[in-house]
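Listed below, chain by chain, are the residues.
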Amino acid sequence: AELPAYDTLRERIMDTERLATVGGTIWLSQDEEKANSILMNAKRAEIAEGFKNPLKYAPAMHFFQGRQYVHQSEVFRIIQRMPKGAFLHGHNTGMVSSKWIIQNLTTSSNLYTCMDVNQLLIFTYDQSKCHSEIQNVCTERNDLNEKDRMKYERQLERHINMHRKHPEMMLPNRTLIWKQFENIFTTVDKLYKYRPTYCAYHKRLLEELCEDNIIYAEIRASLSPLYDETNRTYNTLEVANELERIVEEFKAKHSDFVGLKVIYAKRNRASEDEMAKRIVTFKQLHNAKPNFIIGFDLIGNEDTGDPIHKYINELSDLPSTAHYFFHAGETNWYGRTDWNMMDAILLNTKRIGHGFALPKHPQLWSTIKKRHIAIEVNPISNQVLGLVWDLRNHPASFMIAENFPIIISSDDPGVWGAKGLSYDFYYAFMALAPAEADLRFLKQLALNSIKYATLTSDERRKINRVFQKKWLEFIASVIRN
Ligand SMILES: O=c1[nH]cnc2c1ncn2[C@@H]1O[C@H](CO)[C@@H](O)[C@H]1O
């Protein structure tokens, strides 16, 4: 008589937990249930196989080593086809595939490589930053046969991608990882500041989002001045104009795409005066384009940057229509850098970028839930940038169990060989969430991305309509195949 009661209790506990997780209370239609069982058959098979052979189980591996197995995954293929809603945490200059960049943006005859002051390879159209002989990329490439050309391109790509065969060698040293990471942005700095390249790059950025079934994005961008072939320069507002034009042209060709907006993002190391100036610039930008330049953020390695607290005076008055989207808590420290999360919340941030350290700060939990401050979780980014090795140990598991308002994003997918959101959704589904988390979880992630996006009511109507349509198509296609 004792045993059935014991088993009932166990089941009740498990049910209660399941209902309390992200997506736990979502109701599925009959068709969704059918698609869900197809998805879950694939997921359970992958987990069972991985339990037997963890050395080939991507969710338990570093992305650089697991990616080849992700590509074999049926779950991943389903996730790729799934409409994922909005892309809410990414840095424009890290979002486009490195392979595409090398193949498409390094072919113009006036592009050179050289070494800068720090002996770092940079792409450039002029010699101003060169501290070595310059090499014309076209000439170098054209002198090679097919096979050597591919080798040459792989070599170039290595300078703009974090991928290494043995990421474990880098792991003990986050400073080194960040150095390699920031070097990439130095390597491409001059390349992307050339207006024609800038435009082609951002067009491709939008295409890659669409190819991954994303219908809207809010990206961090610094809007640094551009120059063009006539040596004309474009100031920050003019760069915003360019970007807006590219987005509008893209929308005209892709009627289902809802749009892309910009979070003005500047480095987290600056004097108070510099910060005050940036806020002035931000206000001008926001004033000119309130529905395009929607907010402000501080970027860079949080551990070596200045704390948000340093700037509370400068950051204390934002236009009522603008928002903060602070990076905060992207750290392994406890009781230091992580206080940025508190300051972000006290400054009324709309969302928190990363919030990796959130489980350590119980005083912040209820405010985050009450004020619906979404946590932008970037699993692969946190792994590549050395916060966690095995993503099953990622702190977002706690946020999922506790149904925090989370969204999943990919930060700089182009820099680590991911694309769009699918890889991060896969890791969220397979490594961060419970084994039995199902289509409800994935659907909730997509719905959250829409819920926590910064949209007008017209845009909201459109995104809901488009998402609903695409979701039904997706469910039908899963059932069909
Ligand atoms: O995860 C991140 N945390 C903080 N800053 C980042 C992260 N990813 C990229 N950047 C910042 O964005 C710039 C490129 O636009 C990079 O230079 C880097 O400092």
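Cut-offs applied
- Residues numbered from 1 in each chain as written.
- Predicted model: local features only at pLDDT ≥ 70, side-chain atom pairs only at ≥ 80, totals over all residues.
- Heavy atoms only, no water.
- Phe/Tyr/Trp six-rings, centres within 6.5 Å; stacked < 30°, edge-to-face > 60°.
- Helix = DSSP H or I, 4+ residues; strand = E, 2+ residues; numbered from the N terminus.
- Buried < 20%, exposed > 50% of the residue type's maximum accessible area, 1.4 Å probe, protein only.
- Lys NZ or Arg CZ within 6 Å of the ring centre and 35° of its normal.
- Contact = heavy atoms within 4.5 Å.
- Polar contact = N/O pair within 3.5 Å; in protein donor to acceptor, adjacent residues only side chain to side chain.
- Salt bridge = Lys/Arg side-chain N within 4 Å of Asp/Glu carboxyl O.
- Domains from an automatic or database assignment.
- Buried area = accessible area lost by both parts, 1.4 Å probe.
- Near = heavy atom within 4 Å.
- Nonpolar A, V, L, I, M, F, W, Y, C, P; charged D, E, K, R; others polar.

Q: For the packing of aromatic side chains, give the residues involved together with the corresponding values.
A: As enumerated under the stated definition, the model contains 23 aromatic pairs in all. With a centroid separation of 5.3 Å and an interplanar angle of 55°, the aromatic rings of W471 and F474 are classed as tilted. Taken together, the residues W471 and F474, both in helix α19 (residues 457-480) and three residues apart, mark about one turn of the helix. Each member of the pair W471 and F474 is classed as buried. Each residue in the set F63, F64, F76, Y423, Y426 and Y427 is aromatic and connected to the rest through ring pairs, giving one cluster. Taking NZ or CZ as reference, K190 lies 5.6 Å from the ring centre of Y227, over its face.

Q: So, the environment of N301: which residues are in play, and what are the values?
A: Along the chain, N301 falls in the loop between β9 (293-299) and β10 (323-328). The spacing of N301 and I279 is 22 residues in sequence and 20 Å in space, taken between C-alpha atoms. Setting aside chain neighbours within four positions, we find N301 in contact with R174, W178 and N268. Of note is the side chain of N301, whose polar atom sits 3.0 Å from the backbone nitrogen of D303.

Q: Help me get a handle on the pattern of salt bridges, residues and values and all.
A: Opposite charge on two side chains makes pairing possible when the charged atoms of those side chains draw close. The tally for this structure, following the rule as stated, stands at 36 salt bridges. Between R351 and E376 there is a salt bridge; the shortest N-O distance is 2.5 Å. Taken together, the residues R351 in strand β11 (residues 351-354) and E376 in strand β12 (residues 374-377) connect sequence positions 25 residues apart. Across this residue pair, the class does not change: R351 and E376 are buried. Among the ionic contacts, a cluster of salt bridges with common partners joins R204, E207, E208, E211 and K419.

Q: Explain the domain arrangement of the protein to me, and be specific about the residues and the numbers.
A: Looking at the assigned domains, one finds that the protein contains domain 1 (81-96 + 184-469) and domain 2 (100-175). Taken together, the 27 residues of domain 1 in the interface contact 24 residues of domain 2. Between domain 1 and domain 2, a total of about 2200 Å² is buried, with carbon and sulfur atoms accounting for 65% of that surface. Seen at the junction of domain 1 and domain 2, the total is two salt bridges. One salt bridge in this structure joins K190 and D126, with 3.2 Å as the shortest N-O distance.

Q: Could you give me a rundown of the site of the ligand, with the residues and numbers involved?
A: Lining the immediate surroundings of the ligand are 16 residues, of which T93, E182, R267, E330 and D411 lie closest. E182 places a side-chain nitrogen or oxygen 2.6 Å from an oxygen atom of the ligand. Between H327 and the ligand, the recorded distance is 3.5 Å, taken from a side-chain N or O atom to a nitrogen atom. Looking at which element gives the most residues to the shell around the ligand, the answer is helix α8 (residues 174-192), with four residues. When the residues that make up the shell around the ligand are grouped by side-chain class, the tally is five nonpolar, six polar and five charged.

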